[in-house]
Amino acid sequence: MEVKFRLLSETEKLIAYMNRILPNLPKKEVVLKNNIEKNQYELIENIFASNINHKSTRIREKNLKDVLIKLSMFDFYARQLYHKKYISEHQLDCMTRLFQEIRKITYGLISSLKEEE
């Protein structure tokens, strides 16, 4: 149970960090900003879905894989922000560390599901 809460906690840290950056984006990047915001909600939704669907291993595994997909999109958006010079290298490094931590937790949860089968 503790690992699930850690996944949510680390994801909330990532979203809070991204939310501090979003207001500084220029108005011309409205599509990128909207995609990041949409991705944030979908990421949290998949985490909650995986916690709620704890009886069905198959559905839970799918939700966790969706978390990994959304996280990969976050990584892509962060690299786009860096390449367009909206964030610094340090900010990108901070986000990358959070991405890695969330990925480790998620892969750990997926492998524990496979062990339960």
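Quick notes on the rules
Residues numbered from 1 in each chain as written. Predicted model: local features only at pLDDT ≥ 70, side-chain atom pairs only at ≥ 80, totals over all residues. Heavy atoms only, no water. Helix = DSSP H or I, 4+ residues; strand = E, 2+ residues; numbered from the N terminus. Polar contact = N/O pair within 3.5 Å; in protein donor to acceptor, adjacent residues only side chain to side chain. Contact = heavy atoms within 4.5 Å. Expected span 1.5 Å × (residues − 1). Buried < 20%, exposed > 50% of the residue type's maximum accessible area, 1.4 Å probe, protein only. Core = buried A, V, L, I, M, F, W, Y, C linked by side-chain atoms within 4.5 Å.

1. Considerations on the side chain of Glu29
Its place among the elements puts Glu29 in the loop between helix 1 (2-21) and helix 2 (30-52). Only 3.1 Å separates the side chain of Glu29 from the side chain of Tyr86, close enough to count as a polar contact. Sequence-distant contacts of Glu29, that is, excluding residues within four places in its chain, are made with Lys84 and Tyr86.

2. Considering helix 2
The terminal C-alpha atoms of helix 2, which comprises 23 residues, lie 33 Å apart, in line with the 33 Å expected from a rise of 1.5 Å per residue. Among the residues of helix 2, those classed as buried are Leu32, Ile36, Asn39, Gln40, Leu43, Ile44, Asn46, Ile47 and Ser50.

3. Some remarks on the nonpolar core
Within the largest apolar cluster, 33 residues are counted, with the highest numbers of intra-cluster contacts made by Leu7, Leu14, Ile36, Phe74, Leu81, Met95 and Phe99. Taken together, the elements giving at least two residues each to this core come down to helix 1, helix 2, helix 3 (57-83) and helix 4 (89-116). Counting residues per element, this core draws most heavily on helix 4, at ten residues. Among residues more than four places away in sequence, those in contact with Leu81 are Ile21, Leu25, Leu32, Ile36, Tyr86 and Ile87.

4. Concerning helix 4
Owing to its 3.6 residues per turn, the α-helix brings residues three or four apart onto one side. Compared with the 40 Å implied by 1.5 Å per residue over 28 residues, the 41 Å span of helix 4 between its first and last C-alpha is a close match. Restricting attention to buried positions, one finds in helix 4 the residues Leu92, Cys94, Met95, Leu98, Phe99, Glu101, Ile102, Ile105, Thr106, Leu109, Ile110 and Leu113.

5. What to know about the side chain of Asp75
Locating Asp75 in the fold gives a position in helix 3. Among residues more than four places away in sequence, those in contact with Asp75 are Phe99 and Arg103.

6. Some words on the environment of Phe99
Its place among the elements puts Phe99 in helix 4. A C-alpha to C-alpha distance of 9.5 Å links Phe99 and Leu68, two positions 31 residues apart in sequence.

The values reported here are purely geometric and, on their own, carry no functional implication.
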